Each structure stands twice: as C-alpha cells, then as structure tokens.
Amino acid sequence: MDIIVENLTKRYGAQRAVDDISFRVNTGEVLGFLGPNGAGKTTTMKAITTFLIPNEGNIRVGEFSIHDHPDEIKKKIGYLPENNPLYPEMPVVDYLRFVAELQGIEKNRINERILRMIDVCGLEGEKHKKIGELSKGYKQRVGLAQALIHDPEVLILDEPTSGLDPNQIVEIRELIKKIGREKTVILSSHILAEVEATCDRILIINRGKIVADGTAGELRKQSEGKEILKIRIEDGEKNAVFKALQQLDTVGVADFVEGEENCFEITSKPELSSRRNIFNLCVKNGWILSEMTPVETKLEDIFRQLTMN
Ligand code: ATP
C-alpha cells in the first residue's frame, strides 16, 4: 500500500512545523525519516496516521485520502508513537487483547494474533507481567506488538529502538526489515547508523522542509559528487610521486596522508575518476601501487551539512 504525501503544511501559530513537503513511499519500502529535534518528523507521521489534520495538502494511503476516509486509513496503519504510551496497570497479554479488540480483529483470531506477537516481539518471559513492571526495552517491544497486532499494511514507527539495548536493537531492526519486504514502513530516528542499516531510502527533514531524499549511497554522491581515494605508492621518491599525481588531468587535489608512509589522498575533479590514471602512472614509472581505497563521506557529515541552519 503506497503512501503519497502532497504539499503537506502544518502550522502552529506562526510556525510552520511542516512546510509544503511532498514525497512518496512505495509498498515493500522502508523509509527512514531523519532530522534534528523539532524538524517536523513526528508532525508528519501524525498527519499520515490521521491523528492530526494538516492546514494544507493531502496524504493518500493506498486509495484513501486522510480528508475523506480517515477511519479506513486507521485500519490499515500500525503506529508506534513517540514515548510509546501504554497502560502500566495492565498485564501484557490483557493489553494486547484490548488492542486487538479495538482494532476489530475477529474474536476467533485474537488468541492466535496475541501468541504470534509475543513470539515475534520476544515477550514470552514477560507476558504475564504488568506493563509498568517491564524494563524500557520490553515496554518498547509491547509498543511494537500493539502496532503490529492487526497485521497492518502500513507501519509508522516513531523512534522504534529508543531505550533498547544493543542486542534488542539488532533484533528489532531485523524484524523491521523483514516486515518491510511486504509492507510499507516509515520510521524516524536520530541514529544515522540505524537508518542506514534498516532503511531502503532516507529522507532528511530540517525546519519542516525536505533537504535530502535517496539511498545512503545516493546521498553521499549528491553531497560530494567527487571521488576520494586513499593510495599508497612505494619505490618512488615521495615528492616526485606527489608532483606526478598533482599533474594527472583527472586529479583535483592531491595531499599527503599524515603519519602514513607513502600514502596520498586524491580528490578527483567532479564526475571524474582517477583510478586508471594512477595505475598507469605507476606502471610507467615502475612504482608499486600497494593500496587504493575509496574514502567514503560519512553520513554524519552529510547530515550536519544539510541541517546546520
Ligand atoms: P524530535 O526529534 O525532537 O521528536 P520532530 O522532528 O519529531 O522532533 P515535531 O515534533 O514534528 O519534530 O515538531 C516540529 C515543530 O513543531 C517543533 O518546533 C515543535 O515545537 C512544534 N510543535 C509540535 N507540536 C506542537 C503543538 N502541539 N503545539 C505547538 N507547537 C508544536
């Protein structure tokens, strides 16, 4: 079930929390929503779940519009809100039963769905405890279980791994990826590594505007557009090698790598590659090229560049 967001704007007083954004998420895609505090992630997610009515624009979930068929959309969506609101007095199983009934699951399927969620979310040992007695990580799992219980076609997860320990994080990420093969998933996160590990596509939002949209690889490319290589050339005189590298017509900037013998960092001119030229240069001069590795721009750097102002 595809999600299409068209010219969405949400104002709080004079502030535009979300400012005329448009994007599409396709079935079978996990979209990561990344942005600094107050960027507009939660606001957008709440609008998709029909929890909040935007001032302008439309969202379609499958064939349904948030303006015309909010109840139909609610049935199709599983939502894990930020801060994961739960009823602390309720035992896990009772809470899941309550949610299953609210979601309108047929009576004869409710037990089966509860057992499935307990299995999928790893809640077997905690299922009879009151939610208030659970650790933060287990509460988060209960939040995920309630979002998934009606087997929704769309899953909206606001910071799904917050409060989990590293082992749980890996398990939950795997679970999200598995779900994402068949369903449409949007998750928000502050953790860049998480978005990169879990999501097919990343959308970076800043001050209510989309500032980047693409795979992690595409974002790196867009931001740099330049090849950076770390190379090691042996058996040549250091300054002669440096000079020759600088003179290659594909090379923009050549630099020594501090503290590493015979190592250089080569930034090619935009859209060009220097790999072949470097190789041929070494062959011509009888130098040994013992290393050539691409230097990747870190996603953190891209995020900072895009969300600095
Ligand atoms: P975080 O990562 O901190 O959760 P976010 O990207 O989810 O941030 P939102 O919660 O969508 O950001 O908030 C976007 C902006 O809208 C913020 O400046 C916030 O203060 C403002 N805002 C959100 N909800 C309200 C509200 N109910 N009333 C007034 N302003 C609000």
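Higher on the page you've got the structure.
Residues numbered from 1 in each chain as written. Predicted model: local features only at pLDDT ≥ 70, side-chain atom pairs only at ≥ 80, totals over all residues. Heavy atoms only, no water.

Student: So what's going on with the packing of aromatic side chains? Residues and values would help.
Tutor: By the definition in use, this model includes six aromatic pairs. Seen from their ring centres, Phe-242 and Phe-256 are 4.4 Å apart, and the 25° between their planes marks the pair as stacked. In this pair, Phe-242 sits in helix α9 (residues 238-247) while Phe-256 sits in strand β12 (residues 251-256), placing the two residues 14 residues apart along the sequence. Residue classification places Phe-256 among the partly exposed positions, given a relative accessible area of 31%. Judged by centre distance (5.5 Å) and plane angle (40°), the ring pair of Phe-256 and Phe-264 falls under tilted. (Phe/Tyr/Trp six-rings, centres within 6.5 Å; stacked < 30°, edge-to-face > 60°. Helix = DSSP H or I, 4+ residues; strand = E, 2+ residues; numbered from the N terminus. Buried < 20%, exposed > 50% of the residue type's maximum accessible area, 1.4 Å probe, protein only.)

Student: Would you mind going over α9 in detail, with residue names and values included?
Tutor: Along α9, the residues classified as buried are Val-241, Phe-242, Ala-244 and Leu-245. One side of α9 holds all its buried residues, which, seen down the axis, span an arc of 165°. Away from the buried face of α9 by more than 90 degrees, exposed residues Lys-243 and Gln-247 are located. (Arc of directions from axis to C-beta.)

Student: Any chance you could break down the sheet that holds strand β2 (residues 15-25) for me, citing the residues and the numbers?
Tutor: For sheets, the rule is that strands pair by backbone hydrogen bonds, running either parallel or antiparallel. Pairing within the open sheet is antiparallel, and its four strands lie in the order β2-β1-β4-β5. A strand with exactly one partner marks an edge of an open sheet, and here the two such strands are β2 and β5 (64-65). Sheet analysis places strand β1 (residues 3-12) next to strand β4 (residues 56-61), joined by five bridges and oriented antiparallel. The residue bridging Glu-6 from the neighbouring strand is Asn-58, located in β4. (Pairing = 2+ DSSP bridges.)

Student: Would you mind going over the site of the ligand in detail, with residue names and values included?
Tutor: In the vicinity of the ligand lie 13 residues, with Gln-15, Lys-41, Thr-42, Thr-43 and Glu-82 positioned nearest. Taking Asn-37, its side chain carries an N or O atom lying 2.9 Å from an oxygen atom of the ligand. Between an oxygen atom of the ligand and a side-chain N or O atom of Glu-82, the distance comes to 2.6 Å. Relative to its unbound accessible surface of 640 Å², the ligand loses 64% to contact with the protein. (Near = heavy atom within 4 Å. Polar contact = N/O pair within 3.5 Å; in protein donor to acceptor, adjacent residues only side chain to side chain. Areas by Shrake-Rupley, 256 points an atom, 1.4 Å probe, with all protein chains shown as cover.)

Student: Help me get a handle on the pattern of salt bridges, residues and values and all.
Tutor: In this structure the tally under the stated criterion is 22 salt bridges. Among the ionic pairs, Asp-119 bridges to Arg-116, the shortest N-O distance being 4.0 Å. Pair noted here: Asp-119 and Arg-116 are both in helix α4 (residues 107-120), with a separation of three residues, about one helical turn. Under the relative-accessibility criterion, Asp-119 is labelled exposed at 55%. Residue Arg-116 is classed as partly exposed on the basis of its relative accessible area, which comes to 44%. Among the salt bridges present, the one from Glu-174 reaches Lys-177, with a minimum N-O distance of 3.8 Å. (Salt bridge = Lys/Arg side-chain N within 4 Å of Asp/Glu carboxyl O.)

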